[in-house]
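# Structural features, examined
The lines below spell out each chain.
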Amino acid sequence: MADVIHETKSRMNKTIESFSRDLAAIRTGHANANLLERVNVEYYGVPTPIQQLAGISVPEARLLVVQPYDKSSIDNVLKAINAANLGVNPTSDGTVIRISVPALTEERRKELVKDAKKEAENAKVAIRNVRRDSNEDLKKQEKNGDISEDDLRNQTEQVQKITDDFIKKIDELTVQKENDILEV
């Protein structure tokens, strides 16, 4: 029984981590190095995360500076950023890439809030799927005679409490991201 609860918490924590990464990829109108987190650069024939090929800094509120460690890869980095469709226009001076993050319009802010809510709903579905799997495992244990009916009910209630806690975390992260997006 303890294994099922431990596994449930572990899987739900991974869902929260994934959700947090997804939220970080939604831009808020402020420059943030997480904006480039999912950008992979073709480097000697291998797709490589941009963080491994370049230093990323935020010198101003609306400016990202990407400085490739290998100057010969600057064109590949520039192509990868353009291909990522981030809604930004990178420029290069041959040694560094500057990415000006444009201010968001009210309409675009509302779209981004919708995107954040959609990601939140996907994360909640994933949490509920973990709950379902855990409850099925507990029912199998009860059917096999490994746990009693009372234990099944108690463990199912505990899984539900854990689920409620994680859903609440998702809601809190979503509200925080919405506030970041809507902040002018």
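Every value quoted in this text rests on a predicted model; they were computed, and no experiment measured them.

For the rest of this paragraph, the subject is helix 5 (residues 149-182). An α-helical segment advances 3.6 residues per turn. Residues three or four places apart therefore align on the same side. Under the 1.5 Å per step criterion, the end-to-end length of helix 5 is 49 Å for 34 residues, consistent within 8% with the ideal 50 Å. Among all positions of helix 5, only Leu152, Gln155, Val159, Ile162, Thr163, Phe166, Ile167, Ile170, Thr174, Lys177, Glu178 and Ile181 are buried. If you follow the buried residues of helix 5, they end up packed against helix 1 (2-25) and helix 4 (106-143).

The topology assignment puts Ile16 in helix 1. Residues Ile16 and Glu183, spaced 167 residues apart in sequence, show a C-alpha to C-alpha distance of 24 Å. The residues contacting Ile16, other than those within four sequence positions of it, are Phe166, Lys169, Ile170 and Leu173.

This part is about the layout of surface pockets. The computed volume of the largest pocket comes to approximately 340 Å³. In terms of lining residues, the largest pocket is bounded by 18 residues, among which Ala25, Ile26, Arg27, Asn85 and Leu86 are the most central. Secondary-structure elements contributing two or more residues to the lining of the largest pocket are helix 1 and helix 4. The calculated volume of the second largest pocket comes to roughly 250 Å³.

What follows covers helix 3 (residues 74-83). Those residues of helix 3 lying buried are Ile74, Val77, Leu78, Ala80 and Ile81. When helix 3 is viewed along its axis, its buried side chains cluster within an angular range of 165° and face the same direction. Summarising the geometry of helix 3, the exposed residues directed more than 90 degrees from the buried face are Asp75, Lys79 and Ala83. Those residues of helix 3 hidden inside the fold are in contact with strand 1 (40-43), helix 2 (50-53), strand 4 (63-68), strand 5 (89-92) and strand 6 (97-100). Note on helix 3: the residue one or two positions beyond its end, Asn85, has a positive phi of about 50°.

Right, let's talk about the pairing of strand 1 for a bit. Sheet topology places strand 1 next to strand 2 (residues 46-49); 4 bridges connect them, and they run antiparallel. Residue pairing across strands places Glu42 opposite Pro47, the latter belonging to strand 2. Connecting the antiparallel pair strand 1 and strand 2 is a turn made up of 2 residues, with Tyr44 showing a positive phi of about 55°.

About the criteria used
Residues numbered from 1 in each chain as written. Predicted model: local features only at pLDDT ≥ 70, side-chain atom pairs only at ≥ 80, totals over all residues. Heavy atoms only, no water. Helix = DSSP H or I, 4+ residues; strand = E, 2+ residues; numbered from the N terminus. Expected span 1.5 Å × (residues − 1). Buried < 20%, exposed > 50% of the residue type's maximum accessible area, 1.4 Å probe, protein only. Contact = heavy atoms within 4.5 Å. 1 Å grid on protein atoms, 1.4 Å probe; cavity = no way out; pocket = protein on both sides within 12 Å on 5 of 7 lines; lining within 4 Å. Points joined across faces, edges and corners; volume = space filled by probe spheres on them. Arc of directions from axis to C-beta. Pairing = 2+ DSSP bridges.

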